[in-house]
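# Observations on the model geometry
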Amino acid sequence: MATGFYSESKKANTIGPGLLFFETEPPREPAWYNPMANMPPFAPNDNTFVNTICIGDRMLALTDSDVMLVIDPKTLRVLGDNAWEDDLKEAVCYTGSAHPLPDPRSRSGDDWIDFIGNTGFLSEESTLRIFKLGADSPQLRHSVADVKME
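Residues numbered from 1 in each chain as written. Predicted model: local features only at pLDDT ≥ 70, side-chain atom pairs only at ≥ 80, totals over all residues. Heavy atoms only, no water.

## Here we look at the overall build of the protein
Helices and strands together make up the secondary structure of the protein, namely one helix and nine strands. In the protein, the succession of α and β elements from N to C terminus is α-β-β-β-β-β-β-β-β-β. For the protein, the spread of C-alpha atoms along the three principal axes comes to 50 × 45 × 25 Å. Looking at the 150 residues of the protein, the share that counts as buried comes to 35%. Once local pairs closer than 6 in sequence are excluded, the contacts in the protein between residues at least 24 apart make up 42%. Summed over all atoms, the accessible surface of the protein reaches about 9900 Å², with 56% contributed by carbon and sulfur. Charged side chains of the protein number 13 positive and 23 negative; the gap between the two group centres comes to 6 Å. (Helix = DSSP H or I, 4+ residues; strand = E, 2+ residues; numbered from the N terminus. Buried < 20%, exposed > 50% of the residue type's maximum accessible area, 1.4 Å probe, protein only. Contact = heavy atoms within 4.5 Å. Areas by Shrake-Rupley, 256 points an atom, 1.4 Å probe, with all protein chains shown as cover. Lys, Arg positive; Asp, Glu negative; His and termini not counted. Charge placed at Lys NZ, Arg CZ, Asp CG, Glu CD.)

## Details of the nonpolar core
The biggest cluster of nonpolar side chains holds 14 residues, and the ones touching the most others in it are Leu60, Leu62, Met68, Phe131 and Leu133. Counting residues per element, the ones that place at least two in this core are strand S1 (51-55), strand S2 (58-62), strand S3 (68-71), strand S7 (112-119) and strand S8 (126-133). In this structure Phe131 touches Met68, Leu88, Trp112, Ile113, Asp114, Phe115, Ile116, Arg141, His142, Ser143 and Val144, once residues within four positions along its chain are discounted. Of all hydrophobic cores here, the second largest spans five residues; its members include Phe49, Met59, Ala61 and Leu69. (Core = buried A, V, L, I, M, F, W, Y, C linked by side-chain atoms within 4.5 Å.)

## Quick notes on the pattern of salt bridges
Scanning all chains against the criterion turns up eight salt bridges. Taking the shortest distance from any N to any O, the salt bridge between Asp86 and Arg141 comes out at 2.8 Å. Taken together, the positions of Asp86 in the loop between strand S4 (78-81) and strand S5 (92-96) and Arg141 in strand S9 (residues 141-149) put the pair 55 residues apart, joining distant regions of the chain. Note on Arg141: relative accessible area 4%, which makes it buried. (Salt bridge = Lys/Arg side-chain N within 4 Å of Asp/Glu carboxyl O.)

## Concerning the packing of aromatic side chains
Summed over the entire model, instances satisfying the criterion amount to zero aromatic pairs. The ring centre of Trp84 lies 4.1 Å from the NZ or CZ of Arg141, which sits over that ring. Seen from the ring of Phe131, Arg141 lies directly overhead, with NZ or CZ sitting 5.5 Å from the centre. (Phe/Tyr/Trp six-rings, centres within 6.5 Å; stacked < 30°, edge-to-face > 60°. Lys NZ or Arg CZ within 6 Å of the ring centre and 35° of its normal.)

## Quick word on the side chain of Thr127
With respect to the secondary-structure elements, Thr127 resides in strand S8. Within the structure, the side chain of Thr127 is placed 3.5 Å from the side chain of Lys148, a separation counted as a polar contact. Excluding residues that lie within four positions of it along the chain, Thr127 makes contacts with Ile116, Gly117, Asn118, Asp146, Val147 and Lys148. (Polar contact = N/O pair within 3.5 Å; in protein donor to acceptor, adjacent residues only side chain to side chain.)

## As for the sheet that holds S4
An order of S1-S2-S3-S4 is seen for the four strands of this open sheet, with the pairing classed as antiparallel. Two strands close off the open sheet at either side, each with one partner strand: S1 and S4. For this sheet, the mean angle separating the axes of adjacent strands, direction not counted, is 30 degrees. As paired elements, S2 and S3 share four bridges and run antiparallel to each other. Looking across to S3, one finds that Leu62 is bridged to Met68. (Pairing = 2+ DSSP bridges. Axes fitted to C-alpha atoms, helices over the stretch in contact; angles between N-to-C directions.)

See the structure below:
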C-alpha cells in the first residue's frame, strides 16, 4: 500500500521514521536531533492500518482509531483521510475499531457497524459510541447507541 511511511522509506532508502510495534533488526539510526522524530507531525504514521472495507464506491483502510483512509483500489495509493461529515467525535476521541461488522439488517448488504470511544478533557466517564456506516454516504456515520463506561 502506498502510504506516507512507505514513500518516506523509499526516499531515504532505509526504514523511515514512524511508530513501530517493535524496533527493526538492525535498529534504525536514532534521531539524535529530534527525539520526537517518530511522532506526528514529523512522521506520517499511516502504516498501522490493518483492515480494508469497501463501502459504496470507496475502499477504506481502518486502524484502531476514528481515522479511516480512502484508498484507490487499483493502485493502492492513499488518497487521504475519509473526511467525516458528522459530529460523533467528542473532545477526546481515544479509540476506534479496525474490525467493523456487517450490519445484519442491511438491505444492500453494504452497511457496517463500528464504534469510537469518547471522553471529555476532565471527565472520568467514557462513552463507546456505536455507529452505522452506509454505502449511501460513506462520510456520514449514524449513531446507533452510546454505552457509558465508568
